[in-house]
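Topology and contacts: notes
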Amino acid sequence: MSKAFRELLKKVGSGNHTGENLTRQEAAAATKMMLLAEATPAQIGAFMIAHRIKRPTGEELAGMLDAYEELGPKLQPKTGNDSQVIVLGIPYDGRSRTAPINPITALILTAAGVSVIMHGGDRMPTKEGIPLIEIWQGLGIDWTKLSLTETQQIFASTGLGFIYLPNHFPLAAGLVPYRDQIGKRPPFATMELIWCPYAGDAHIISGFVHPPTENMFRGALETRGFPYYLTTIKGLEGSCDLPRDRTAIIGIIKQNTVLERLHLSHNDYGFSNINPPLPPTTSELINQIESVLKGEPSEMMQSALWNGGFYLWHCGICPTMESGIAVTKEILINKNAAQKLEEVRGAIAALQLAYKT
């Protein structure tokens, strides 16, 4: 049993009257001890549930990020290219009600020349919804087969990368079973949304559900000296997907500025209030996504236009939301996003062939 960890556990697990928040250094130390299995399973489970009840502070999230940065993987900037990379912070436990649009958005952005990094693992508690990795597999891109070096090569050649926890950060993947055992999302589920597995200039776009989460995020970034630019989206099921059944609430968090708030209404841009539901099977979902990539009209196409328009505008590719929607439509109708998908497939196939010969 780790005596050092026990002292940290006592601080966060002593209740409302005597419990204390951890300092940044203490949170980093506790996270490292959990990742490295220096704490016992009983201690790790107790810490996660106690910290879940207490709720993390921005300083504690900063310490957790420090530990992930020290022990976790990072994709490197492409040679000769110092442009900002988009890192999408999406809940690891997937989607269970609404169809995910993020993979389409990633293809739209990369087709427009904006590099994108996603991260996550397999089906995960507590929701056990469809994860990103399964969607990409359905689209013919199996990130689970790639080492970090191979993923770096694909990112460098195509602008799209995926950090797959079981392969690239097994220490973090080793903590996943505790999510099932405690029956609640631990503080790491919040921290993951603003984790940056990239070594260059990054723009994190993070989904969130509860308004206090934005303040935690800001506190973490302030503590760490704002190492990257953050946009928050109160999206579908906590993701980065803009909703169509309500006003999209977006926060822009930069150093030395107040939080800038955007409110985007689907009605103002001619979209209905329908969020495409998650189909009963993964194969049906893949068929719907492929239909969008062919430029075929559907409710999912409308959501792709709504999201793509925002992202192209917000990332500086288009001067207005309206022009972003128009360019997104061109990218999909002209099958540029579908071509990007084929490019990534081809790059992976060529890489695997080269290793065999």
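What comes next is a walk through the structure. Note that the structure is predicted; figures quoted are calculated from it, not measured. (Residues numbered from 1 in each chain as written. Predicted model: local features only at pLDDT ≥ 70, side-chain atom pairs only at ≥ 80, totals over all residues. Heavy atoms only, no water.)

1. Observations concerning the overall build of the protein
Along the protein, the regular secondary structure elements total 17 helices and 7 strands. Here the C-alpha atoms of the protein give a radius of gyration of 20 Å, agreeing with the 21 Å that 2.2 N^0.38 yields for 357 residues. For the C-alpha atoms alone, the extent of the protein along its principal axes is close to 60 × 55 × 45 Å. The buried share of the protein, reckoned over its 357 residues, is 55%. Within the protein, contacts between residues at least 6 apart in sequence are counted, and of these 74% link residues at least 24 apart. Element-wise, carbon and sulfur atoms account for 51% of the exposed surface of the protein, whose accessible area totals about 14400 Å². Distance from the positive charge centre (32 side chains) to the negative charge centre (34 side chains) of the protein: 3 Å. (Helix = DSSP H or I, 4+ residues; strand = E, 2+ residues; numbered from the N terminus. Rg over C-alpha atoms; globule rule 2.2 N^0.38 Å. Buried < 20%, exposed > 50% of the residue type's maximum accessible area, 1.4 Å probe, protein only. Contact = heavy atoms within 4.5 Å. Areas by Shrake-Rupley, 256 points an atom, 1.4 Å probe, with all protein chains shown as cover. Lys, Arg positive; Asp, Glu negative; His and termini not counted. Charge placed at Lys NZ, Arg CZ, Asp CG, Glu CD.)

2. Notes on the state of the cysteines
This model, assessed by the stated rule, comprises 0 disulfides. Cysteine 318 provides the cysteine sulfur closest to cysteine 315, a residue in no disulfide bond, and the two sulfurs are 10.0 Å apart. Look at cysteine 318 and you get buried, because its relative accessible area is 6%. (Disulfide = S-S within 2.5 Å.)

3. Some remarks on the sheet that holds strand β3 (residues 160-164)
Through backbone hydrogen bonds, the strands of a sheet pair up, either in parallel or in antiparallel fashion. Strand order across the open sheet formed by 7 strands is β3-β2-β1-β4-β5-β6-β7, with mixed pairing between neighbours. Taken across any chain shown, the strands that pair with only one partner, and hence form the sheet edges, are β3 and β7 (260-264). On average, each strand axis in the sheet is inclined to that of its neighbour by 20°, with strand direction left out of account. As defined by bridge partners, strand β5 (residues 229-233) adjoins strand β6 (residues 248-253) across 4 bridges and the pair is classed as antiparallel. Residue pairing for β6: isoleucine 233 is matched across the bridge by isoleucine 250. Along the sheet face, helix α8 (residues 148-158) touches β1 (85-89), β2 (116-120) and β3 and points at about 160° away from the line of β3. Contacts from helix α15 (residues 299-314) reach β1, β4 (202-207), β5, β6 and β7 within the one sheet, and its direction differs from that of β7 by about 150°. (Pairing = 2+ DSSP bridges. Axes fitted to C-alpha atoms, helices over the stretch in contact; angles between N-to-C directions.)

4. As for the packing of helix α1 (residues 3-12) against helix α4 (residues 41-54)
Where α1 meets α4, the axes come as close as 9 Å, and the angle between the chain directions of the two elements is 25°. Considering their axes alone, α1 and α4 lie roughly parallel with respect to each other. Here the hand of the crossing between α1 and α4 comes out left-handed. Of the residues in α4, those in contact with Phe5, Arg6, Leu9 and Val12 of α1 are Gln43, Ile44, Ala46, Phe47, Ala50, His51 and Lys54. For the contact of α1 with α4, the class distribution of residues is 7 nonpolar, 2 polar and 2 charged. (Parallel < 35°, antiparallel > 145°, perpendicular 65-115°, else oblique. Left-handed = near helix turned anticlockwise from the far one by under 90°. Nonpolar A, V, L, I, M, F, W, Y, C, P; charged D, E, K, R; others polar.)

5. What about unusual backbone geometry?
Geometrically, the link from proline 125 to threonine 126 is a cis peptide bond, its omega value of 10° lying close to zero. Mapping threonine 126 onto the fold places it in the loop between β2 and α7 (132-138). Notably, phenylalanine 226 is not glycine yet its phi reads approximately 50°, a positive angle. Within the element layout of this structure, phenylalanine 226 appears in the loop between α13 (212-223) and β5. For glutamate 237, which is not glycine, the phi torsion reads 50° and is therefore positive. Tracing the chain through its elements places glutamate 237 in the loop between β5 and β6.

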